Amino acid sequence: MSESEHYTLTVNGVERKVSDAWIGESLLYVLRERLGLPGSKGACEQGECGSCTVFVDNAAVCSCLVMAATAVGTQIATVEGLNEDGSLTDVQEAFVTEGAVQCGFCTPGLVMAVHHLLDHNDSPNEQEIKEALSGNICRCTGYGRIFAAVDTVISVRKGISS
Amino acid sequence: MPVFIPSSLAEATQLLSTNLDAHLLTGGTDMMVEVNFNHRHPETVIALRKVPEFQQWNIDSNARVVHIGSSVPYATMEHGELAKALPALAEAARTVGSPQIRAAGSLGGNLGTCSPAGDSLPVLSALDAIVHLQSEKATRSLSFAEFMVGPKRNSRQPDEIITGVTIPLTNGWQGYAKVGVRNAMVISVASVCLAIHDGKVRVALGSVGPTIIRCSESEAWINSVGLENVDHAIAQEFGAKVRAESRPIDDHRSTAEYRRHAVGVLAARLLLRGVQK
Amino acid sequence: MTITKTQRDILGSSALRPDGISKVQGDYEFSSDLHAENMLWGATLRSPHPYARIVSIDVSAAWKIAGVECVITADDVPGQLTYGLISEDQPVFANDVVRYMGEPIAAVAADHPETCRRALAAIHVVYEVLAPLTNPEHAIDESHEPIHPDGNIIRRQRIVHGDMHATAPIVVEGTYDIGMQDQAFLGTESALAIPDHDGAGIEVFVATQWLHEDRKQMAKCLGMPEEKVRLVLGGVGGAFGAREDISLQVHTALLAMRTSRPVKMQYGREESFFGHVHRHPAQIWMRHHANTDGRIVKIEARFVFDGGAYSSTSSAVLINGVTHTQGPYQCPNAIVDGYAVRTNNPPCGAMRGFGVVQACFAHEGQMDKLAAATGIDEVEIRLRNIIHTGDTMITGQILESVAPLERCIRETAAMPLPAEMGLQPHELDLPGGSGRTADRRNIVRGIGWGVSMKNLMYSEGFDDYSTARCTLTNGSVELKFATSEVGQGFVTLAPQIARSVLGVDEVTYDTIDTQIGSAGSTSASRQTWMSGGAVDGACRMVRERLFEHVGSLHGIEPLRLAIDDTDIIDTIGTLRISVQEASANFTVSETFEYHHRQTEDLDENGQGNCHVAFAFVAHRAVVDVDVELGLVKVVQIATAQDVGRVLNPMSVTGQIEGGIAQGLGLAVMEEIIVTNGIVRNPSFTDYLLPTALDAPQVLISMIEEPDPQAPMGAKGVGEAPCISVTPAIVAAIRNATGKSIDRCPVRPQDICF
């Protein structure tokens with residue numbers, strides 16, 4: 001590529017240099033192909049599937065629609081940063097134990113979306129859960145086991161806090 | 001360097017004045033789709049997310065207006081004070097794409113793109129919003145009708161940036177409804193915003209014409225009938241008049257016939273909601 | 001947090017996916033996540049026209065772009081120029097004619113995806129645009145010139161059974177249209193090809209449903225012996241039939257061979273819509289003759305499947321369609337005529353349900369018409385006609401499978417209906433959802449039924465088999481198979497089988513690749529039966545060897561030994577020894593090839609024992625409809641499914657719920673819209689998939705009547721969930737609206753006008 005961009009992104013709390021990038025690269029592309037963080041998945045490139053969900057300054061956004069070079073100075077968090085010691089978060093654990101994972105392609109994005117929901121609302125009702133996850137398409141599960149996983153996390157968290 | 005991230009309005013307009021072909025980027029949710037789908041190859045980009053004025057909103061209860069900066073995300077409009085002040089805008093904001101899109105997308109993007117399917121645009125039209133533009137040297141304020149001039153065409157000059165909108169508060173009911181063939185995350189097939197102010201109805205339509213259509217004839221008719229006289233039959237007739245003012249086309253998302261029908265149904269329903277019948 | 005287990009993960013338990021933890025953490029390697037040192041990106045140039053003659057292709061400008069390493073066209077294909085699953089009629093690259101929008105013409109390899117895009121834009125193709133054949137009837141009536149040397153009719157199959165002249169007092173007929181559905185797996189097509197250092201062979205990591213079939217087709221086109229083409233399964237992000245045909249396999253391998261560098265290719269979503277086959281759109285006419293008691297006397301039918309430009313599996317889809325004309329009902333007399341035709345529309349092939357989805361939409365519409373004409377309740381009319389084990393089907397084949405159809409229907413009917421909508425429903429529970437289009441008073445509720453039977457495995461004489469190897473060492477087992485894991489959970493099931501058969505707990509599986517015999521495709525609801533049968537067989541062989549070993553050590557006849565939990569016991573003696581201990585310093589490895597029973601071709605009258613086995617299911621749908629706007633919210637699906645035996649309840653639940661969502665999509669929103677051969681909506685903005693807010697409540701009953709023909713008594717569960725749910729939802733919409741709707745997906749304008 002003749003064009004070249006050099007910038008630094010803060011990903012999962014670590015400053016990461018990006019060199020010789022094309023201006024049109026999305027944050028999703030840079031995370032996956034330049035920074036070795038392939039946990040965020042690309043399935044639609046237009047914000048219609050949620051597989052690439054990351055947090056930018058604590059907002060859950062589609063990384064495919066963030067121009068990477070404009071994310072300088074923001075705090076970017078990806079699925080790889082949820083629990084860096086390799087253990088599972090409660091949401092991740094519930095996804096495994098409740099059968100919310102089949103092919104798994106939508107899973108990292110959904111895990112991020114569920115964390116975002118429950119970080120902002122510790123007892124969402126059914127409609128709030130569905131609306132919060134309506135931007136994450138899953139083609140395998142029909143969502144039933146995903147809802148079951150969310151319900152499990154909510155009750156476990158309540159059990160711990162009460 | 002082809003990516004600029006100005007941190008003040010003055011810096012942004014200055015940058016634009018010397019890079020007139022630059023792409024202005026707010027949430028990125030429109031432009032990055034075009035880049036990803038190979039329809040656009042940006043060379044210079046001015047990202048506006050760090051300009052403080054664009055991220056601010058306030059409700060001026062004395063002047064009875066709301067000001068919303070062009071980068072305020074839709075998510076902010078869905079709940080809280082803004083939603084209380086502008087319920088129709090909150091309802092429209094809730095239908096924009098997915099929660100992830102609403103966390104990034106903003107009025108600046110809808111106005112910049114000016115698609116007839118832009119979810120917030122019928123609200124801006126029905127509420128008589130004023131669009132603010134600024135260049136390095138001058139400031140302009142345009143009514144929504146003056147601003148949107150065609151499908152994906154607006155009267156922004158190349159050196160101007162959309163800084164925000166001013167939306168007058170209404171003293172009556174306001175609401176929004178949008179048809180899509182899915183219960184969430186769907187492009188509008190037809191949408192309607194209806195607002196009542198000083199006992200007078202205003203209605204604007206999305207996705208049924210080259211621009212947002214403000215239904216002046218239907219408004220005049222219903223206002224001559226009087227809101228106190230609205231019943232189901234009147235609402236049906238109002239719907240028929242709104243239908244007649246729409247100018248939809250056939251495309252892969254729907255048919256002109258259905259769109260015409262749908263805006264009539266929605267207008268009638270919103271009117272009944274407005275008068276609580 | 002860590003996951004603790006309380007029970008052994010044997011058959012019948014909800015064992016957890018072994019890949020679950022890596023998938024939730026984002027470190028599971030999908031094929032699109034793979035990288036290699038010095039790797040290039042590949043990309044494909046595709047035709048913008050549905051039908052055109054290629055006058056010239058000039059690639060010289062693409063070669064001149066910095067970063068471009070290779071440009072290939074049909075002239076560069078070293079082996080066979082065409083490929084295909086059943087008939088090899090599809091060019092690797094079009095060279096004289098393009099026959100559908102999106103057909104590949106050239107491919108490039110370069111240092112960056114954007115360089116690839118620029119290279120593609122620099123290739124100059126001159127087309128002479130031709131008038132496309134887009135109406136399937138014009139393929140049948142020969143009013144359009146042949147668009148392919150093989151002609152415009154891919155296959156015609158008639159079924160003539162019983163008395164052609166039979167008739168009955170009640171006659172109902174209808175013409176049903178089924179739209180083109182996309183599998184829409186989330187992980188788009190991708191592959192990484194790494195050439196051997198000596199240039200003689202290649203290793204390809206690819207997301208596919210059938211490694212060995214891919215290899216066979218690739219080797220022919222690459223002009224290489226099969227053993228020089230090694231395929232490894234890259235992580236697969238869903239399949240649903242769309243990975244049965246090859247897509248980018250030959251292109252990626254060829255670019256890698258030409259450049260002597262690793263090449264990765266990955267389709268974007270738009271390209272994915274052009275890169276794989278879709279569910280056949282079909283038009284089906286049916287006329288049912290019945291007695292006044294509702295019993296079917298004769299069915300006449302005509303099927304037209306639009307196969308698009310290339311044949312893919314169209315001929316097999318056609319057979320599935322016509323042989324399921326009767327659905328799960330007795331039918332003594334039938335006259336069926338079916339066509340799979342070639343057009344300049346997108347190629348169609350395998351998708352979950354494979355021809356039966358289309359047939360079922362028609363026969364269930366007919367059953368409702370029959371109910372209306374006879375005044376018999378829609379549940380009762382089905383019960384009166386249901387097929388039983390031992391009945392003769394319209395192909396002359398006797399139904400041998402266990403057929404608990406009555407239980408499926410009665411258990412579904414017994415499930416609770418959803419509560420009536422309250423006076424102040426949540427806006428998201430109304431049709432139109434967040435668009436807030438409806439008020440409570442605009443809504444009408446409807447209930448509809450759909451019942452189906454679906455053949456399992458391949459048909460018509462195909463010698464289908466699967467291979468597995470089981471190696472037992474020191475109390476732990478390693479399995480080896482080439483079964484594609486596409487999300488369905490075979491990697492969960494296979495260790496469960498080994499634990500049950502061998503009494504071990506530690507079971508791993510080796511890389512899924514072509515270093516063992518074929519497993520056949522992950523399709524046709526066949527892997528639990530076929531590859532499950534192979535794993536079961538290999539484990540049983542190992543168990544025999546283990547018993548011989550233990551028997552000789554202890555002087556016991558091996559036949560007396562059995563597995564009890566994790567021990568080996570003497571069934572008529574006192575010996576009890578753990579498998580762990582018994583297999584200490586003992587290694588045994590056995591490979592087993594499982595074949596299902598032979599089937600046969602249909603004759604010219606559509607007679608023959610063409611299918612292996614069948615599964616049954618009933619669906620009841622409850623919908624809320626905004627009649628005036630034509631918007632639908634599916635409230636509840638109740639289903640009872642014949643599963644034979646439940647091997648993993650959580651996996652089966654996932655298959656059923658997921659299949660229902662896909663059937664819901666076909667009922668109310670999913671359709672690839674094609675106008676004059678041009679695809680209008682190749683994106684997730686305009687090809688709508690059900691979201692979390694579209695998901696209905698699902699009530700499930702799994703009917704367990706183990707099938708003695710199935711290796712573990714278990715039938716495949718993948719396809720049945722998505723078949724009769726579509727007609728059930730459409731029937732519920734008819735019930736709510738009183739409108740006659742004979743197409744799917746149902747569009748708003750089909751309801752409100």
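These numbers were taken from a predicted model, which means no experiment stands behind them.

Cut-offs used in this document
- Residues numbered from 1 in each chain as written.
- Chains lettered and ligands numbered in written order.
- Predicted model: local features only at pLDDT ≥ 70, side-chain atom pairs only at ≥ 80, totals over all residues.
- Heavy atoms only, no water.
- Contact = heavy atoms within 4.5 Å.
- Buried area = accessible area lost by both parts, 1.4 Å probe.
- Salt bridge = Lys/Arg side-chain N within 4 Å of Asp/Glu carboxyl O.
- Helix = DSSP H or I, 4+ residues; strand = E, 2+ residues; numbered from the N terminus.
- Polar contact = N/O pair within 3.5 Å; in protein donor to acceptor, adjacent residues only side chain to side chain.
- Nonpolar A, V, L, I, M, F, W, Y, C, P; charged D, E, K, R; others polar.
- Pairing = 2+ DSSP bridges.
- Axes fitted to C-alpha atoms, helices over the stretch in contact; angles between N-to-C directions.
- Domains from an automatic or database assignment.

## Here's the deal with the interface of chain C and chain A
Working step 1: Each partner contributes residues to the interface: chain C has 65 residues there, and chain A has 55 residues.
Working step 2: Of the roughly 4900 Å² buried between chain C and chain A on both sides combined, carbon and sulfur atoms contribute 57%.
Working step 3: The interface formed by chain C and chain A includes five salt bridges.
Working step 4: Counting residues per element, the ones that place at least two in the side of chain C that touches chain A are helix H1 (20-25), helix H3 (113-122) and helix H15 (649-668) of chain C.
Working step 5: Ranked by the residues each element gives to the side of chain C that touches chain A, the list is headed by H15(C), at eight residues.

## Examining the side chain of Asn110(B)
Residue and element names in this part refer to chain B.
Working step 1: Tracing the sequence through the fold places Asn110 in helix H7 (residues 107-113).
Working step 2: Among the polar contacts made by the side chain of Asn110, one reaches the main-chain amide nitrogen of Asp119 at a distance of 3.4 Å.
Working step 3: Apart from the residues lying within four places of it in its own chain, the contact partners of Asn110 are Tyr74, Ser115, Gly118, Asp119, Ser120 and Leu121.

## Re the interface of chain A and chain B
Interfaces are frequently sized by the accessible area removed from exposure as the parts join.
Working step 1: With 33 residues of chain A in contact, the opposing surface of chain B contributes 32 residues.
Working step 2: The junction of chain A with chain B conceals about 2400 Å² of combined surface from both sides, 61% of it contributed by carbon and sulfur atoms.
Working step 3: At the boundary of chain A and chain B, one finds two salt bridges.
Working step 4: Note that Arg182(B) is salt-bridged to Glu48(A), the shortest N-O span being 3.5 Å.
Working step 5: Between chain A and chain B we count eight residue pairs in polar contact (both at pLDDT 80 or more) in total.
Working step 6: Listing elements by their share of the side of chain A that touches chain B, those giving two or more residues are strand S4 (59-62) and helix H4 (126-132) of chain A.
Working step 7: No other element matches S4(A), which puts four residues into the side of chain A that touches chain B.
Working step 8: Residues of the side of chain A that touches chain B, tallied by class, amount to 17 nonpolar, 11 polar and five charged.

## Structural notes on the sheet that holds strand S3 (residues 53-56) of chain A
Residues and elements named next belong to chain A.
Working step 1: Strand order in this open sheet of five strands is S2-S1-S5-S3-S4, and the pairing throughout is mixed. Here the strands that pair on one side only, and so sit at the sheet edges, are strand S2 (14-21) and S4. The mean inter-strand angle of the sheet, taken between neighbouring strand axes irrespective of direction, is 40°.
Working step 2: By the bridge criterion, six bridges tie strand S1 (residues 5-11) to S2 in an arrangement that is antiparallel. Note that in S2 the partner of Glu5 across the bridge is Ala21.
Working step 3: Along the sheet, helix H1 (residues 27-34) makes contact with S1, S2, S3 and strand S5 (75-77), crossing S2 at roughly 95°.
Working step 4: Packed onto the sheet, helix H3 (residues 107-120) meets S3, S4 and S5 and runs at close to 45° relative to S3.

## Thoughts on the domain arrangement of chain C
Residues and elements named next belong to chain C.
Working step 1: Each assigned domain of chain C is listed with its residue range as follows: domain 1 (34-130 + 185-239 + 243-275), domain 2 (278-459 + 601-752) and domain 3 (465-595).
Working step 2: For domain 2 and domain 3, the distance between their C-alpha centres works out to 37 Å.
Working step 3: If you look at the interface, domain 2 gives 16 residues, while domain 3 gives 17 residues.
Working step 4: Counting the contacts that link domain 2 with domain 3 gives zero salt bridges.
Working step 5: Taken together, the connections running from domain 2 to domain 3 amount to five residue pairs in polar contact (both at pLDDT 80 or more).
Working step 6: Of the residues that constitute the side of domain 2 that touches domain 3, the class distribution is nine nonpolar, five polar and two charged.

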